[in-house]
Amino acid sequence: MNTLILKVASRLMVGLILIFAIYLLLRGHHSPGGGFAAALVAGTGFVLYFIAEGTAPVRRTLRVHPASVAGLGLLTALTAGLLGPLSGRPFLTGLWLSAGNTALGAIELGTPLLFDVGVFLAVLGAILTVLLALEEF
Amino acid sequence: MTSAQSSTVGGPLRYLHLLPSLLIFTLLAALVPHSVRGTVFGGEWIWSHGLGVHLAWRLDGLSMLFGLIISGAGVLVTLYSLSYLAGHPHENRYFLLLHSFLLAMLGIVLADHLLLLFIFWELTTVLSFLLIGFYHEEDSARENARQALFVTGGGGLALLLGLLLLESAGVTPYLHAWLDAPRGFHEHRLYPLILGCMFVAVFTKSAQFPFHFWLPNAMSAPTPISAFLHSATMVKAGIYLLMRLHPLLGGTYLWMGPLVVIGGVTALWGAWCAMGPSDLKRVLAHTTLMGLGLLTLFLGGRSLPALLAATTFLLVHALYKAALFLAAGIIDHQTGTRRLDELGGLGRHLPWTAAATALASLSMAGFPLFFGFIGKEILYKGVLTEELFPHFATVAALVANAFMTAVSGYLIWRPFFGHRPEALDDTSEAPWQMLAGPLLLGGLCVLFGLIPGWVVATLIEPAVMSFHLTDDNIELALFHGINAPLLLSIATLILGGLFLWQRERLRRLLTAIHRLLPISGEGAYAIILAAVQRSAAGAALPFDRGRPQTHAAVVLFTGWLAVAAVWLFSGGRLPPLPATNPPLLESGIVAVVVVATGLVLFTRRSILAIAALGVVGAGAALIYLLMGAPDLALTQLLVETLTLVIITLVLIRLRKSKLTATPRSSGRYFKAGLALLLGATLTLLMLLVTGSELDRDVTHFFETYSYVAAHGRNIVNVILVDFRSFDTLGEIVVVVLAALGAVALLRRMKEQG
């Protein structure tokens, strides 16, 4: 679609949407959000981008094939799961690295977050794979 | 013609591909002194505590012999492939598959738990499928890969069934515990069934009659793969399983009968068929059938000589067969043809290849001083001790071996001597990477023949002891004096010479028999496959004529029917209507949703229909939000947005491709009626469910432990990524696979225009 308004607006919006997606991803453990919702948000961001600019710039921005993003997501989720057996616990056991109370509040990093990142990447990669292929059909 | 390409081997980094197999081989070789002394290495990691499945591995004499063959052949085949496939666009894929296969195969022979063995067994099946179909642009390669997958995959199912039956019969899944198995097991009522399952698994994997046909067809694979998978390693997996099962299941007539007969028939038939084809690789594939048949035949027996014969012949066969395959690959690679009738007089151009072929062939023929001679002596000693059908076994072994002798002579004579066709005049010798394998293996055929005592003491004896308890001494020698085995060996050579002389007549006879046979294994396979496809089409076509609308209507109506039937048969109770009036805000949203739904149904403009659909979704999301489910509302809204984008994209493409994209008016009232029916039923159901007392145990568990155990306050997310993360893992795999499938379909439609 070749409209100036959409092009200018999308340039401002896409970044904001992607940041919002990351925000959703990170807050997901305590508040509404999470990897799946974040992936959908990010997906709409990219949709806006390719509607305004076409698919070629989107593929350039991604640098890798969207299917690779999906594959990376599956690998990440699997890695999060395998950290359990590597430390002698069952597959997909949640392991936590508590940084204790800091000035920002309690920071807790764990394999569930890594797993959620995997979900995010897998779903985003899948969405982009299909949508870009459809748009280029 | 390909000599210019073959000498270019890319950067030195490619030699890193040698590392996996080389490391494993070195490690195993370093442990040989321990295995000779009978030391067993093993270990276990917990995999699934609840199911009692552990990653148990064990390295004993038998695993050592197989491991050395696998990794040793792996080194040579990798080195060979570095030159054979140099410059192939999918080289990396090839090596990835090759290394994966090597590891899966090692997994089979190192696994101590039957379930673990099964998993690696299936892995080799899948990897073999990918490797046979490596030249996937060729129809025949794909077809043959699929055939191998179906046949060996079917055998894998039988193995799984046998494994479960063993478990329910109370047999330990640990392989090492089978060595001194309880004697009473042969009377167990499940014994015949278990035996049947295991036989199907073994006969498919190791290409025994009537499942043998996939192996010659698997020759569509790149030649180094044929050498590695389809002669030295994968097809021996069935033999390996037979050896492991031997102490547990062996010793009965039910065990001996099928193995001796099927093995004998496979050996005879394979050996005879090896006289037929002019394709060098198919000849070798048939001789492999013969080898596998003999191995099966010997594992039918329970005497020490029979088992010794099987184990020795395993090594003999791996050595000469891998060498011959690799040499055949050189001939194919350097001349551009592997048809025997187009070859000749290459001895001067391919001197090293000729030498390697001669060494391996003479070992296959069983000439004195070669390892094959020792192997054959033991074979005859073993065959004479068979308990069941000793005469059949002896004749089968004798005639099959004679055929091998004839084929060996032909393999040396045909490509390297006689008249050379002009097309082959500028043939040049292969680079050293390709020559190393066949020459080394051919050399071992001689070396092992000269020091049989050492080979038996270090490799064969520890292997036999791993699956057979005995106190007898094992001895091998170059010359035992004039006895029955020696006489049979001599008879073999004479008969082989006779067969070579009467080659044409035997070949014609074979063709005649082929014509007389009512049905072959391959014919049966084709009939079954066609029947499956026909019945699948017959089941699907009445409901799916290619129109998504019809398909959706059938699926939705069937779903409604099922739900309505259950509701009716369970009493057809009506739920009490909610006592309170719904709040104003919710009522307003519902009204908007209803209007939008009507618009979706009755507008003639597709873009309006799409927009109205979006309103319906957004309305639902708003209601979720008002009911206190922000997570659900968020997801609903996002899914709705993306769905709209996808539908719009699809409709635009449809219009572009001049397919109908405007809603058709026909059947509109029918669709509205169906939608109403479904909606009403679902509403009824929801009211029934919420009207009854809910079990809050699960909710309570999540509420209690979400923060304490999983450090999260958002219960929905904690369930997704922690409590039920295994489900989520499965779901994202499905999502990604669906996306890849959709892209494949789109690409295909695009290519077809």
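Please read these numbers as outputs of a predicted model, since none were measured by experiment.

Considerations on the overall build of chain A
Okay, so step 1: Each helix and strand counted, chain A has five helices and two strands in total.
Okay, so step 2: In sequence order, chain A lays out its α and β elements as α-α-α-α-β-β-α.
Okay, so step 3: With the principal axes as the frame, chain A shows a C-alpha extent of 55 × 35 × 20 Å.
Okay, so step 4: The burial tally for chain A puts 45% of its 137 residues in the buried class.
Okay, so step 5: Of the contacts made within chain A by residues no fewer than 6 positions apart, 62% connect residues no fewer than 24 positions apart.

Topic: the overall build of chain B
Okay, so step 1: Counting secondary structure elements, chain B contains 29 helices and two strands.
Okay, so step 2: With the C-alpha coordinates aligned to their principal axes, the bounding extent of chain B is approximately 105 × 65 × 55 Å.
Okay, so step 3: By the burial criterion, 49% of the 753 residues in chain B qualify as buried.
Okay, so step 4: When contacts within chain B are restricted to residue pairs at least 6 apart in sequence, those whose partners lie at least 24 apart make up 79%.

Quick look at the side chain of Ser21(B)
Okay, so step 1: With respect to the secondary-structure elements, Ser21(B) resides in helix H2 (residues 19–36).
Okay, so step 2: In contact with Ser21(B), not counting residues within four places along its chain, are Ser71(B), Gly74(B), Val75(B), Thr78(B) and Leu102(B).

Let's talk about the interface of chain B and chain A
Okay, so step 1: The partner chain A presents 43 residues to the 41 residues of chain B that form the contact.
Okay, so step 2: Around 3,600 Å² of area is buried between chain B and chain A when both sides are counted, 77% of it from carbon and sulfur atoms.
Okay, so step 3: One can count seven residue pairs in polar contact (both at pLDDT 80 or more) joining chain B with chain A.
Okay, so step 4: Put simply, the parts of the chain that give the side of chain B that touches chain A at least two residues each are helix H25 (630–656), helix H27 (697–710), helix H28 (715–723) and helix H29 (725–752) of chain B.
Okay, so step 5: Of the residues that constitute the side of chain B that touches chain A, the class distribution is 27 nonpolar, eight polar and six charged.

Notes on the nonpolar core
Across soluble globular proteins, you tend to see nonpolar side chains buried next to one another.
Okay, so step 1: One finds Leu117(B), Trp214(B), Leu249(B), Trp255(B) and Leu315(B) to be the most contacted residues of the largest nonpolar core, which totals 182 residues.
Okay, so step 2: Examining the composition of this core, we find that 21 residues originate from one element, helix H13 (residues 304–335) of chain B, more than from any other.
Okay, so step 3: Apart from the residues within four sequence positions on either side, Leu117(B) is in contact with Ile108(B), Ala111(B), Leu159(B), Leu175(B), Tyr240(B) and Leu241(B).
Okay, so step 4: With 48 residues, the next largest nonpolar core counts Val47(A), Leu62(A), Leu121(A) and Leu746(B) among its residues.

Some details on the domain arrangement of chain B
Okay, so step 1: With domains assigned, chain B is organised as domain 1 (3–517) and domain 2 (696–753).
Okay, so step 2: On a C-alpha basis, the centroid separation for the pair domain 1 of chain B and domain 2 of chain B is 44 Å.

Considerations on the environment of Ala67(A)
Okay, so step 1: When you line up the elements, Ala67(A) lands in helix H4 (residues 66–86).
Okay, so step 2: Separated by 49 residues in the primary sequence, Ala67(A) and Leu18(A) have C-alpha atoms spaced 19 Å apart.
Okay, so step 3: Contacts of Ala67(A), omitting those with residues within four sequence positions, involve Thr129(A) and Leu740(B).

Here we look at the confidence of the model for chain B
Okay, so step 1: Scored by pLDDT, chain B has a mean of 85; 95% of the residues are at 70 or more.
Okay, so step 2: Between residues 1–9 of chain B, whose pLDDT stays under 50, and residues either more than four places distant or in other chains, the model counts 17 contacts.

Quick notes on the pairing of strand S1 (residues 41–48) of chain B
Residues and elements named next belong to chain B.
Okay, so step 1: Taken together, the seven bridges between S1 and strand S2 (residues 53–59) define a ladder with antiparallel strand orientation. Note on S2: the bridge partner recorded for Ile 46 is His 54.
Okay, so step 2: Linkage of S1 to S2, two consecutive antiparallel strands, is achieved through a turn of four residues, within which Gly 52 is found at a positive phi near 70°.

Quick word on the packing of aromatic side chains
All names here are of chain B.
Okay, so step 1: Under the criterion given, the structure shown has 21 aromatic pairs over all chains.
Okay, so step 2: Here the aromatic rings of Phe 702 and Phe 723 are separated by 5.1 Å at their centres, their planes lie at 35°, and the arrangement is tilted. Of this pair, Phe 702 sits in helix H27 while Phe 723 sits in helix H28, placing them 21 residues apart in sequence.
Okay, so step 3: The class for Phe 702 is buried, based on a relative accessible area of 14%.
Okay, so step 4: Residue classification places Phe 723 among the partly exposed residues on the basis of a relative accessible area of 26%.
Okay, so step 5: Members of the aromatic cluster, connected to one another through ring pairs, are Tyr 94, Phe 95, Phe 134 and Tyr 135.

Some thoughts on the side chain of Ser35(B)
Okay, so step 1: Within the secondary structure layout, Ser35(B) lies in helix H2.
Okay, so step 2: Filtering out sequence-adjacent residues up to four positions away, Ser35(B) remains in contact with Met64(B) and Pro462(B).

Quick notes on helix H26 (residues 668–691) of chain B
All names here are of chain B.
Okay, so step 1: With 24 residues, H26 should reach 34 Å at 1.5 Å per residue; the first-to-last C-alpha distance of 34 Å fits that figure.
Okay, so step 2: Of all the positions in H26, only Arg 668, Ala 672, Leu 674, Leu 678, Thr 681, Leu 684 and Leu 688 are classed as buried.
Okay, so step 3: Where the residues of H26 are buried, they touch helix H22 (548–569) and helix H23 (584–602).

Things to note about the pattern of salt bridges
Residues and elements named next belong to chain B.
Okay, so step 1: One pass over the full model with this rule turns up 12 salt bridges over all chains.
Okay, so step 2: Arg 724 is paired through a salt bridge with Asp 727; the nearest N and O atoms lie 2.9 Å apart.
Okay, so step 3: For Arg 724, a relative accessible area of 44% corresponds to the partly exposed category.
Okay, so step 4: Residue Asp 727 is classed as partly exposed on the basis of its relative accessible area, which comes to 36%.
Okay, so step 5: It is possible to trace a salt-bridge network through shared partners that takes in Asp 279, Asp 332 and Arg 338.

Structural notes on a nonpolar patch on the surface
Okay, so step 1: Where nonpolar side chains cluster on the molecular surface, the patch consists of Leu75(A), Leu78(A), Leu82(A), Phe91(A) and Phe726(B) and spans about 460 Å² of accessible area.
Okay, so step 2: Looking at which element gives the most residues to the nonpolar patch, the answer is H4(A), with three residues.
Okay, so step 3: Relative to the assigned elements, Leu82(A) resides in helix H4.
Okay, so step 4: Residue classification places Leu82(A) among the partly exposed positions, given a relative accessible area of 40%.

Brief notes about the packing of H27(B) against H28(B)
Residues and elements named next belong to chain B.
Okay, so step 1: Contact geometry for H27 and H28: axes closest at 10 Å, N-to-C directions at 65°. With respect to each other, H27 and H28 are oriented roughly perpendicular. The element H27 and its partner H28 pack so that their crossing is left-handed. Facing H27, whose interface residues are Phe 701, Phe 702, Glu 703, Tyr 705, Ser 706 and Ala 710, H28 presents Ile 715, Val 718, Ile 719, Asp 722 and Phe 723.
Okay, so step 2: Within the contact of H27 with H28, the residues separate by chemical class into eight nonpolar, one polar and two charged.

Remarks on the packing of helix H15 (residues 371–383) of chain B against helix H19 (residues 484–501) of chain B
Residues and elements named next belong to chain B.
Okay, so step 1: Running from N to C, H15 and H19 point in directions that differ by 120°, and their axes come no closer than 8 Å. The angle between the axes of H15 and H19 places the two elements in the oblique class. Crossing of H15 against H19: the hand is right-handed. Contact residues: Phe 373, Lys 376, Glu 377, Tyr 380 and Lys 381 in H15; Pro 485, Leu 486, Leu 488, Ser 489, Thr 492 and Leu 493 in H19.
Okay, so step 2: Among the residues forming the contact of H15 with H19, the class breakdown is six nonpolar, two polar and three charged.

Parameters at a glance
Residues numbered from 1 in each chain as written. Chains lettered and ligands numbered in written order. Predicted model: local features only at pLDDT ≥ 70, side-chain atom pairs only at ≥ 80, totals over all residues. Heavy atoms only, no water. Helix = DSSP H or I, 4+ residues; strand = E, 2+ residues; numbered from the N terminus. Buried < 20%, exposed > 50% of the residue type's maximum accessible area, 1.4 Å probe, protein only. Contact = heavy atoms within 4.5 Å. Buried area = accessible area lost by both parts, 1.4 Å probe. Polar contact = N/O pair within 3.5 Å; in protein donor to acceptor, adjacent residues only side chain to side chain. Nonpolar A, V, L, I, M, F, W, Y, C, P; charged D, E, K, R; others polar. Core = buried A, V, L, I, M, F, W, Y, C linked by side-chain atoms within 4.5 Å. Domains from an automatic or database assignment. pLDDT = per-residue confidence, 0-100. Pairing = 2+ DSSP bridges. Phe/Tyr/Trp six-rings, centres within 6.5 Å; stacked < 30°, edge-to-face > 60°. Expected span 1.5 Å × (residues − 1). Salt bridge = Lys/Arg side-chain N within 4 Å of Asp/Glu carboxyl O. Patch = residues over 30% accessible without salt bridge, like charges linked within 9 Å, V, L, I, M, F, W, Y side chains within 5 Å. Areas by Shrake-Rupley, 256 points an atom, 1.4 Å probe, with all protein chains shown as cover. Axes fitted to C-alpha atoms, helices over the stretch in contact; angles between N-to-C directions. Parallel < 35°, antiparallel > 145°, perpendicular 65-115°, else oblique. Left-handed = near helix turned anticlockwise from the far one by under 90°.

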